[in-house]
Amino acid sequence: MMRPLRRIEALLALCLTTSAAVGCGHTAISPTVEQAQKLPADAAASRLTALIAKDQRVAEIAWRLALSNADLCPVTRLRAGWVLQSAGQYSTELRPVAERQYGLQGDLPGILSAPLNSPARAAGLRPGDLILAIEGEPLNSGAGGGRESYDGLQANIDRLNSAAVMGPMSLTVRRNGTERAVAVMPVQACAYVTQVEVRDDLRALSDGRTIFLSARIVDVAQDDHQLAFLLAHELAHAVLEHATVPDVQGERGALNTSLSLRRGLSSRAESDADTLGLYLLTRAGFDPRLAMQFLNAYAATAPGARYPQINLRGVYPSIPDRHRALEPVVSEIIDKQASGMPLIP
Ligand SMILES: [Zn+2]
């Protein structure tokens, strides 16, 4: 399993830009020590805010899809719908910002997102809340300090997930220094979770348990419908149990015999995921016509996607071919909606 240590990469990029700014950008004024120290902190704060806003945008759409399609997902579980974060997952430079802005402490899980229509939202939870205990049993806050690690948070998330599958949960939550009891009633939803990775390539993949989106491909989606297309396509791979299907575009590899043997299967998996994805997003209340526009936005960002893509993982149809194949699917979905037929392919 991949570990979400993406915040470290974010910080590395940040350090490079701030040191360049301090070293080269201000020849006229020599910055005081305070100014020199303040600059990285401000930059860290805005970088973290942007990153978390992106996580929250994805969390809303991902939850809607997971909730609306529970009846089609082969793996479901009782979920609270939240996305959690901890101070401990951040580097030492980002950690003070995360603690100050989101009330985080050590490895304790803080609410990053409580999406609309999630049990977490219904329970009144919101970003900035910190979960201290479950059923009166304290969660592990970790040793504090030290290197960034997701392990402590993951252990706490595992405990919360185990409790959620048993039904209603009683939590102790801290908000603005005040502790309160919060009752959460988990609901059945698709079991897959979504993570945004801080990376500058265009990548989306599903490993059967987690859907990974690069931060850059999230930015390609111009509205919620388009983002739903991207997420629903990956969810469809998971629903169809295509195992590990990395949707890496823009790479061109050599075509060899083993690849040509896989070609038919691979491109069929892609068109199946496209078709089912449109159904899944329509069931979640998104517009399939608007959602399909993601393909145009994608082609504008990755011009190579106008052609079939061949890489080590398989063969991907061109964007125009995907468009052509999906037009009749959209008509079919709209007809079924109009006549009240079940929205299944
Ligand atoms: Zn795919």
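The shown structure was predicted, so the numbers you read here are calculated from the model rather than taken from an experiment.

### As for the state of the cysteines
Throughout this description, disulfide means a covalent bond between two cysteine sulfur atoms. Counted according to the given criterion, the structure contains one disulfide. Paired by a disulfide, Cys73 and Cys190 hold their sulfur atoms 2.0 Å apart. Taking the torsion about the sulfur-sulfur bond, which here is approximately 85 degrees, the covalent link between Cys73 and Cys190 counts as right-handed. Note that Cys73 is positioned in the loop between α2 (33-68) and β1 (76-79) and Cys190 in strand β8 (residues 187-190), a separation of 117 residues in sequence. Looking at Cys190, the relative accessible area reads 0%, which means it is buried.

### Topic: the packing of aromatic side chains
Summed over the entire model, instances satisfying the criterion amount to two aromatic pairs. Seen in terms of ring centroids, Phe229 and Phe294 are 5.9 Å apart; in terms of plane orientation they differ by 25 degrees. Their pairing is stacked. Taken together, the residues Phe229 in helix α7 (residues 224-239) and Phe294 in helix α10 (residues 294-301) connect sequence positions 65 residues apart. Pair check on accessibility: Phe229 and Phe294 agree, each one buried.

### Focus: the confidence of the model for the protein chain
Looking at the protein chain as a whole, the pLDDT averages 82, with 79% of positions reaching at least 70. This model gives residues 1-36 a pLDDT under 50, and the stretch forms 43 contacts once residues within four places in sequence are excluded. Below pLDDT 50 for its whole length, residues 248-265 participates in 32 contacts with residues either more than four positions away or in separate chains.

Cut-off values and rules
- Residues numbered from 1 in each chain as written.
- Predicted model: local features only at pLDDT ≥ 70, side-chain atom pairs only at ≥ 80, totals over all residues.
- Heavy atoms only, no water.
- Disulfide = S-S within 2.5 Å.
- Helix = DSSP H or I, 4+ residues; strand = E, 2+ residues; numbered from the N terminus.
- Buried < 20%, exposed > 50% of the residue type's maximum accessible area, 1.4 Å probe, protein only.
- Phe/Tyr/Trp six-rings, centres within 6.5 Å; stacked < 30°, edge-to-face > 60°.
- pLDDT = per-residue confidence, 0-100.
- Contact = heavy atoms within 4.5 Å.

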